[in-house]
Amino acid sequence: MQSQGGIDVVTLGETLVALRSHTVGPLRSRSLLEISVAGAESNVAIGLSRLGHRATWVGRVGADYLGEVVLAQLRAEDVQVHAHVDQETQTSLMLKVRRTADVHQVVYYRRGLAGSRLSQADIDADIIRRAQLLHITGITPALSHQASNAVVKAVELARESGTAISLDVNYRSSLWSPEEAGTALRPLALMADLVFASVRELELLERGASEDPLTAARNLAASRRGRQVVVKQSSNGAFVVMDGAVTTCDGFRVRVVDPVGAGDAFVAGYLSALLDGLPLPARLQRGCETGAFVVSTDGDWEGFPRRAELGLLALDEESTVR
Ligand code: KDG
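Residues numbered from 1 in each chain as written. Predicted model: local features only at pLDDT ≥ 70, side-chain atom pairs only at ≥ 80, totals over all residues. Heavy atoms only, no water.

Side note on the site of the ligand
Note the threshold: Here a residue counts as near a molecule or strand whenever at least one of its heavy atoms sits within 4 Å of it. Polar contacts, as used here, are pairs of N or O atoms within 3.5 Å; protein pairs need one atom able to donate a hydrogen and one able to accept it. Residues neighboring in sequence count only if both atoms are side-chain atoms. Only the protein chains shown count as cover for residues, with accessible areas throughout obtained via the Shrake-Rupley method and a probe of 1.4 Å. All amino acids are sorted into three groups, where Ala, Val, Leu, Ile, Met, Phe, Trp, Tyr, Cys and Pro are nonpolar, Asp, Glu, Lys and Arg are charged, and the leftover types, Gly among them, are polar.
Around the ligand, the surrounding shell holds 13 residues, and the nearest of these are Asn43, Tyr108, Arg172, Asp264 and Asp300. Take aspartate 264: an N or O atom from its side chain is 2.6 Å from an oxygen atom of the ligand. At 2.7 Å, a side-chain N or O of aspartate 300 approaches an oxygen atom of the ligand. In the complex, 95% of the free accessible area of the ligand, which totals 320 Å², lies under the protein chains. Split by residue class, the shell around the ligand holds six nonpolar, three polar and four charged.

Right under this line is the structure:
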């Protein structure tokens, strides 16, 4: 894909401050917490930026310390930031507790807070027009009516200007029911050039996906020539259906330290390979690889590779690179 006007991917959504417990076990007074940021869309933007693409994030933060953390972190990762600093509310927050060595509990503080107040006025038509790709997720429409309208406006602008649309279903059961999600996301999926979903998420768009994901993906892909329906299957890899053809990829074998963020990392890797003009197998391969990098590191995005690190996971287990 040719880059015009300096933006490869624009994304919009809620970025939260993430407080993560430092040790395994329940949270107690005097537990140590690490401060970072999280948010599916900005995770994708960071991933793309690490791989050398020009990524822009559009969103809202509060006029508070936490908002400053979000903006500083995204800028530190070379993401172009178009933020509305909302004077009337606070920055959204996420608490991630490592309850046992293998179980992470995530608690959100987002209702009515800055991320959910994203509105149509925050969407700059010029930014959408200048981008190769608009990436949205199913989280933003679930946050509020206002945020949902902002997504619709971005999608309409993208369609008018020929900017490709990428949708990651990213279902969050704490925000809405499967029925509500399906009703809101089906029309967006039908406008998208790329749809990313797990098998369970595909079920929200195409009934029967749980029993037969391949047929469901084919059905969704069939209504638009060139649409890529990408089904993420965690450690089992992924497959993509486009114009009736199916391409598959095995997952990478890595030690999972923290599974949160795997899906966003996959999307960033896939989109990166698409922007590089690589064919479908290489897009899946890079998606699986970047997903594996992120799950083998603490944090939702911190382990994302730089371009020079691609290929590192193909080394033997416990290799030392000198
Ligand atoms: O995909 C990783 C996300 O779960 C995380 O970074 C925060 O946006 C987020 C959410 O809704 O969980």
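A short note on helix α2 (residues 65–76)
The line we're drawing: By the criteria applied, helices consist of DSSP H or I runs no shorter than four residues and strands consist of E runs no shorter than two, each listed in order from the N terminus. Between the first and last residue of a helix there are one fewer steps than residues, each counted as 1.5 Å, and that sum is the expected span. Contact definition: two residues touch when any of their heavy atoms are within 4.5 Å.
Relative to the 16 Å expected for 12 residues at 1.5 Å per residue, α2 spans 16 Å between its end C-alpha atoms, a close match to the ideal helical length. Summarising the contacts, the buried residues of α2 are in contact with β2 (16–21), β3 (33–38), α1 (40–50), β4 (55–62) and β5 (80–86). Just downstream of α2 lies aspartate 78, where phi reads positive at about 65°.

Overview of the pairing of strand β6 (residues 93–98)
Cut-off, in case you're wondering: Working definition: with a 1.4 Å probe on protein chains only, accessible area under 20% of the residue-type maximum means buried, over 50% means exposed, and in between means partly exposed. For two strands to be treated as a pair, DSSP must find at least two bridges joining them.
Counting buried residues along β6, six of its six residues qualify, which places the element largely inside the surrounding structure. The alternating pattern of β6 places Leu93, Leu95 and Val97 and Met94, Lys96 and Arg98 on opposite faces, both of which are buried. Between β6 and strand β7 (residues 104–109), which follow one another and run antiparallel, lie five residues.

Concerning the sheet that holds strand β12 (residues 238–242)
Test applied: Interaxial angle, 0 to 180 degrees, is taken between N-to-C directions of lines fitted to C-alpha atoms, where a helix line uses only the stretch in contact.
One open sheet holds the nine strands; their spatial order is β5-β4-β1-β8-β9-β10-β11-β12-β13, and the pairing between them is mixed. Both edges of this open sheet fall to β5 and β13 (245–249), since each of them pairs with a single strand only. Here the average twist between neighbouring strands, direction ignored, is 20°. Inspection of the sheet shows β12 paired to β13 by five bridges, in the antiparallel sense. Note on β13: the bridge partner recorded for valine 240 is threonine 247. Most of the contacts of α1 go to strand β1 (residues 7–12), to which it runs at about 160°, and overall it touches β1, β4 and β8 (131–137).

Description of the packing of helix α9 (residues 262–275) against helix α10 (residues 280–295)
Quick reminder of the rule: Crossing chirality is assigned from the near helix's rotation relative to the far helix, an anticlockwise turn below a right angle marking it left-handed and a clockwise turn marking it right-handed.
At their nearest, the axes of α9 and α10 sit 7 Å apart, and the two run at 145° to each other. For the crossing formed where α9 meets α10, the hand is right-handed. Contacts from Ala262, Ala265, Phe266, Gly269, Tyr270, Ser272, Ala273 and Leu274 of α9 reach α10 at Leu280, Ala282, Arg283, Leu284, Arg286, Gly287, Cys288, Thr290, Gly291, Val294 and Val295. The residue inventory of the contact of α9 with α10, partitioned by class, reads 12 nonpolar, five polar and two charged.

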